[in-house]
Amino acid sequence: MGSTTNRNPARRLDDASSLTGLLEFRPRLAVVLVVLTLMVAVVGWRIARDTGVRRVDVFAREAIALCDAAPSTGAVTVPPDAAEVEKRFQALAGVRVGFPRDDPDFLPVEIRREVFANHPAVSLRFRYAGEGYLLVVSPRDQLLGTPAAAVFPEGSFVSGERDGRSFVLWEREEATCIVVSEGDVTRAFDLVRRLFT
């Protein structure tokens, strides 16, 4: 007698719990499962692509390249006064960024315009407690007066290390900001929290 498949749940035979049911092929079910799997994969890929992960990578890569570039000789010379630096930076960037005015460790070195992630930006090279930093501020695009969507929620920071440099990236309502340093990422993060937020 051949093996039969027991489809009645009330009757449980020994062969009803075997793996022979796996060999039964249902083409319609297989097609539906393949289509659903592909749909989930495509939606997941689109969500991952549209998240800020790629933008953060681009911002970090470009900011580190700016930091590694030698200071230009034709750059705007920065006055040592933090209040004057703040005015110049705001005039170039169009975004207000407060610099520490009474901190003797903060020493501005150079302000210049940059192209950052295919958008205009302003960079400030400065030294803090003898360590070199680069601050890049890029105003967000505004289409018909509506600001572009942020990469991540306000008040959040993304920090990391790449190519021996550490970076801290954050967004404000009107700009994307990143600080790059040669030092440890925890020192860079602490500096951003104390000076720029």
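All of these numbers come straight from a predicted model, not from anything done at the bench.

Student: Outline the overall build of the protein, listing residues and values.
Tutor: Along its length, the protein carries four helices and nine strands. Shown N-terminal to C-terminal, the secondary structure of the protein runs as helices and strands in the order α-α-β-α-β-β-β-β-β-β-β-β-α. Buried residues in the protein amount to 36% of all 197 residues. Here the contacts in the protein between residues at least 6 apart in sequence split such that 50% fall between residues at least 24 apart. For the protein, the computed accessible surface area is about 12,500 Å², with 58% contributed by carbon and sulfur atoms.

Student: Before we move on, can you summarise the environment of Ile 178 with the specific residues and values?
Tutor: For Ile 178, the position within the fold is in strand β9 (residues 175-181). Ile 178 gets classed as buried once you look at its relative accessible area, which sits at 0%. Distance from Ile 178 to Phe 157, taken between C-alpha atoms, is 9.6 Å for residues 21 residues apart in sequence. When residues no more than four places from it in sequence are discounted, the contact partners of Ile 178 are Phe 59, Ala 60, Ala 63, Phe 116, Leu 134, Leu 135, Val 136, Phe 167, Val 168, Leu 169 and Trp 170.

Student: Can you lay out the pattern of salt bridges for me, pointing to particular residues and giving the numbers?
Tutor: For the structure shown, the criterion picks out nine salt bridges. Between Glu 86 and Arg 101 there is a salt bridge, with its nearest N and O atoms 3.1 Å apart. Of this pair, Glu 86 sits in helix α3 (residues 82-93) while Arg 101 sits in the loop between α3 and β2 (106-116); the two residues are 15 residues apart in sequence, bridging distant segments of the chain. Taken together, the salt bridges that share partners define one network made up of Glu 110, Arg 112, Glu 114 and Arg 125.

Student: I'd love a proper account of the nonpolar core, names of residues and values included.
Tutor: Grouped together as the largest cluster of nonpolar side chains are 25 residues, with contacts concentrated most on Phe 89, Phe 99, Leu 124, Phe 126, Leu 135 and Phe 196. The set of elements that each furnish at least two residues to this core consists of α3, β2, β3 (119-128), β4 (131-139), β8 (165-171), β9 and α4 (185-195). Other than its neighbours up to four places away in sequence, Phe 196 contacts Val 97, Gly 98, Phe 99, Phe 126, Leu 135, Trp 170, Val 179 and Leu 191.

Student: Break down the side chain of Arg 112 for me, citing the residues and quoting the values.
Tutor: Its location among the elements puts Arg 112 in strand β2. A polar atom in the side chain of Arg 112 sits 2.5 Å from the side chain of Glu 114.

Student: Outline the confidence of the model for the protein, supporting the account with residue identities and numerical values.
Tutor: Low pLDDT means the predicted coordinates in that region are not meant to be read closely. Residues of the protein with pLDDT of at least 70 account for 71%, and the chain-wide mean is 77. Across the protein, the secondary-structure element scoring lowest on mean pLDDT is strand β5 (residues 142-143), at 46, and the one scoring highest is β4, at 89.

Student: Talk me through empty space enclosed by the protein; I want residue IDs and the actual numbers.
Tutor: Summed over the entire model, instances satisfying the criterion amount to one cavity of 30 Å³ or more. Roughly 30 Å³ of volume is contained in the largest cavity. As for the largest cavity, its lining consists of Leu 66, Glu 110, Arg 112, Glu 114, Ser 123, Arg 125 and Leu 134. Counting residues per element, the lining of the largest cavity draws most heavily on β2, which supplies three residues. Of the residues contributing to the lining of the largest cavity, the split by class is two nonpolar, one polar and four charged.

Student: Could you give an account of the layout of surface pockets, with specific residues and numbers?
Tutor: Estimates place the volume of the largest pocket at around 160 Å³. Contributing to the lining of the largest pocket are Cys 67, Val 109, Arg 125, Phe 126, Arg 127, Gly 132, Tyr 133, Arg 165 and Glu 182. Mapped onto the lining of the largest pocket, the elements with two or more residues apiece are β3 and β4. It is β3 that contributes the most residues to the lining of the largest pocket, three residues altogether. Each residue belonging to the lining of the largest pocket can be placed in one class, and the counts come to four nonpolar, one polar and four charged.

Student: Describe the environment of Asp 102, listing the residues and the values that go with them.
Tutor: Among the secondary structure elements, Asp 102 is positioned in the loop between α3 and β2. For the pair Asp 102 and Asp 81, spaced 21 residues apart in sequence, the C-alpha separation works out to 9.7 Å.

Calculation notes
- Residue numbering note: each chain is counted from 1, following its sequence as written.
- Owing to the predicted nature of the model, reporting of local features is limited to residues with pLDDT of at least 70; listing and counting of side-chain atom pairs is limited to 80 or more, with chain, interface and lining totals taken over all residues.
- The side-chain numbers reported here are obtained from all heavy atoms of the structure, hydrogens and water having been left aside.
- Secondary structure is summarised from DSSP: a helix means a run of H or I of at least four residues, a strand means a run of E of at least two, and numbering begins at the N terminus for each.
- With a 1.4 Å probe rolled over the protein chains alone, any residue whose accessible area is under 20% of its type maximum counts as buried; one over 50% counts as exposed, and the rest are partly exposed.
- Between two residues, a contact is recorded if the distance between any of their heavy atoms is within 4.5 Å.
- Method for areas: the Shrake-Rupley scheme with a 1.4 Å probe, in which residue coverage is limited to the protein chains shown.
- We count a salt bridge whenever a side-chain nitrogen from Lys or Arg sits within 4 Å of a carboxyl oxygen from Asp or Glu.
- Side-chain atoms within 4.5 Å are what join buried Ala, Val, Leu, Ile, Met, Phe, Trp, Tyr and Cys residues into a set we call a nonpolar core.
- As used in this structure description, the phrase polar contact means that two N or O atoms lie within 3.5 Å; if the pair is within protein, one of them must be able to donate a hydrogen and the other to accept it, and residues adjacent in sequence are counted only when both atoms belong to side chains.
- How sure the predictor is of each residue is captured by pLDDT, a score from 0 to 100.
- Here a cavity denotes grid points, spaced 1 Å and computed from the protein atoms alone, that fit a 1.4 Å probe unable to get out, and a pocket denotes an open set having protein on both sides within 12 Å along at least 5 of 7 lines; residues with an atom within 4 Å of a point are the lining.
- Grid points are joined across faces, edges and corners, and a volume is the space filled by probe spheres set on the points.
- Amino acid classes used here: Ala, Val, Leu, Ile, Met, Phe, Trp, Tyr, Cys and Pro are nonpolar; Asp, Glu, Lys and Arg are charged; the rest, including Gly, are polar.

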